[in-house]
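Topology and contacts: notes
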Amino acid sequence: AQSVTQLDSQVPVFEEAPVELRCNYSSSVSVYLFWYVQYPNQGLQLLLKYLSGSTLVKGINGFEAEFNKSQTSFHLRKPSVHISDTAEYFCAVRGAGSYQLTFGKGTKLSVIP
Amino acid sequence: DAGVTQSPTHLIKTRGQQVTLRCSPISGHKSVSWYQQVLGQGPQFIFQYYEKEERGRGNFPDRFSARQFPNYSSELNVNALLLGDSALYLCASSFGTSGGLQDTDTQYFGPGTRLTVL
């Protein structure tokens, strides 16, 4: 079984400042890692994914994440946030042999003008 | 290309009633998964179907059931509704060619159906 911990439930940040949203996971098997974004009253949109290979993955809207196997982390970063980045961000994991995604509880990013 | 579509958008039911939610996957995708997202929480896995067969089931009671049709669309049924069933129900589709770690298993989500049980 897998589990995901998103360490911050809310992150306020000023516009054009950098941001890091933290995610740690637990799994006894190899995993795929994902970040999804959810805007108010909408479904989930895939931001980026780690499948294999380079541990630094780039996604849409200028986001990137780094897979750290030794620390079992997959933190999401953006060097300069925009008002439109205000949303809830979910980290998710899927383990080898599993068909389901396991999500964290989400981090609400609020960008302050 | 059209993404995952779900219907209806919103639904209001009373306790004890039954509800059916519908999902159409992205063209070419053969796998559909259902998730329940209670307010303030991350989505929780309910079911996954591939080629009309159930591949996986989450920790939900038997009141929850689903099926997949030959065109790969899917329905989620919930019987004897409880207040606690109020949630956003999300459908996700993928190619679903295997249960292993392949890019083809990346799941793409629809906009969801907001179910309110009174």
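The structure contained in this document is the topic of the report that follows. (Residues numbered from 1 in each chain as written. Chains lettered and ligands numbered in written order. Predicted model: local features only at pLDDT ≥ 70, side-chain atom pairs only at ≥ 80, totals over all residues. Heavy atoms only, no water.)

**Quick look at the overall build of chain A**
In terms of helices and strands, chain A carries 0 helices and 12 strands. N-terminal to C-terminal, the α/β element order of chain A is β-β-β-β-β-β-β-β-β-β-β-β. Scaling as 2.2 N^0.38, a compact globule of 113 residues should have a C-alpha radius of gyration of about 13 Å, and chain A matches this with 13 Å. If one aligns the C-alpha atoms of chain A with their principal axes, the spans along those axes are about 45 × 30 × 20 Å. When burial is assessed residue by residue, chain A has 47% of its 113 residues classed as buried. The long-range share in chain A, meaning contacts at least 24 apart out of those at least 6 apart in sequence, stands at 56%. (Helix = DSSP H or I, 4+ residues; strand = E, 2+ residues; numbered from the N terminus. Rg over C-alpha atoms; globule rule 2.2 N^0.38 Å. Buried < 20%, exposed > 50% of the residue type's maximum accessible area, 1.4 Å probe, protein only. Contact = heavy atoms within 4.5 Å.)

**Description of the pattern of salt bridges**
Residues and elements named next belong to chain A. Taken as a whole and assessed by the stated rule, the structure comprises 10 salt bridges over all chains. Among the ionic pairs, Asp8 bridges to Arg22, the shortest N-O distance being 3.0 Å. Taken together, the positions of Asp8 in the loop between strand E1 (3-6) and strand E2 (10-14) and Arg22 in the loop between strand E3 (19-21) and strand E4 (23-26) put the pair 14 residues apart, joining distant regions of the chain. Notably, a salt bridge pairs Lys78 with Asp85, separated by 2.8 Å at the nearest N-O pair. Beyond isolated ion pairs, a larger network of salt bridges with shared partners links Glu20, Glu66 and Arg77. (Salt bridge = Lys/Arg side-chain N within 4 Å of Asp/Glu carboxyl O.)

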